[in-house]
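Residue-level listing of the chains:
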Amino acid sequence: MEAVFYLYTIFIMLVCIAAGTLAIAAYFVNRNRMNLFVMAFFLFYFLDMALIFQSEYFGQNLPFSMEVFYDIEHPLVKTVLAGLALESVWFILLDYLDKKNLILRLAPLAVYFLAEFLILNFMPGGPWRQFLFYEMRQAFLLFMIAFGVVHYLRTTDEIERMRLRKHALIIGVAAALSLCVTVENTFMILVWMPDATVQASSLPLYISERNFSENALTLAFAAFSLKHASEMLRLRFNEPPLADTPGRKNHAEEMLPVFCTQYALTTRERDVLALILEGKDNQGIASSLHLALGTVKTHTHNIFKKTGVSTRQELVRTFWQS
């Protein structure tokens, strides 16, 4: 039993290291600071798991009393690490939605810290205190999901809607697993009553501060991050990073290498496509790139042919749906 839990915990920690390392590598390639926030999330979650591993390692040969089953070890450190990990995800979401308000960025973290402070200092020890302490993480995460959904429902920009729909899967997985975390916490903390046989085993030690659904959620986020970072590194290995500019242009530049590789567009065709996405006409593109108008028309025709479209509107729609 001990070996299984050790290997399981080490596996989660190694995944965090791999995802964080690849995220920082992707940042140095494309200079997109969202990769820094991804790295920060996995760093803080790794440290949180390291605390659990430490408790299991040093407590393996010691008697585990059920009186401490509902205790919270290192509550201040756990609060800070969880808060910073969740804040990293919140920064990723706000950057993706181009929300730059400082109060909006910091207020949810302040509320989270305040809620944890009140729970730790004003609630008596026991299952409900432990349950609410860990459920504040789910409240923060569900708030982020709800914020993203509301933004999607309120926007009237169809391109923005298409861009957000591309990540519907990871958002749905996050919502489902977050609910699973709550169900698991409810059963393990508020419902389950270990019998004498279980109490005599080492099982309570290994599940007292662990949530398998939360680990699964982290693994899902890691899989998404690893896939995204790997694509960026693969596509930009032989080319310099693009300039990082705010707003939709930033998102377009991040997607351009993938799109151009998919449709075998040349470097010059990519330059023309980038300006088409900005809404410039042929004359404006010719002036920006210092090309003859006829040359721009030829490049535009080739882009249409390769992507299977016949109008600029179709081209823009195909790009944001890709």
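## Structural notes on the overall build of the chain
Now for step 1: When helices and strands are tallied, the chain shows 15 helices and zero strands.
Now for step 2: For the chain, the computed accessible surface area is about 16400 Å², with 68% contributed by carbon and sulfur atoms.

## Looking at the environment of G172
Now for step 1: For G172, the position within the fold is in helix α7 (residues 168-191).
Now for step 2: Using a relative accessible area of 38% as the deciding quantity, one classes G172 as partly exposed.
Now for step 3: For G172 and I145, which are 27 residues apart along the polypeptide, the C-alpha to C-alpha distance reads 8.9 Å.

## Things to note about unusual backbone geometry
Now for step 1: Despite not being glycine, A264 shows a phi value in the positive range, around 55°.
Now for step 2: Mapped onto the elements, A264 comes out in the loop between α11 (248-262) and α12 (267-277).
Now for step 3: With phi around 60°, H290 is a residue other than glycine that occupies positive phi space.
Now for step 4: Residue position: H290 is located in the loop between α13 (282-289) and α14 (293-307).

Cut-offs and rules
- Residues numbered from 1 in each chain as written.
- Predicted model: local features only at pLDDT ≥ 70, side-chain atom pairs only at ≥ 80, totals over all residues.
- Heavy atoms only, no water.
- Helix = DSSP H or I, 4+ residues; strand = E, 2+ residues; numbered from the N terminus.
- Areas by Shrake-Rupley, 256 points an atom, 1.4 Å probe, with all protein chains shown as cover.
- Buried < 20%, exposed > 50% of the residue type's maximum accessible area, 1.4 Å probe, protein only.

Such coordinate-based values are descriptive only and should not be taken to indicate function.
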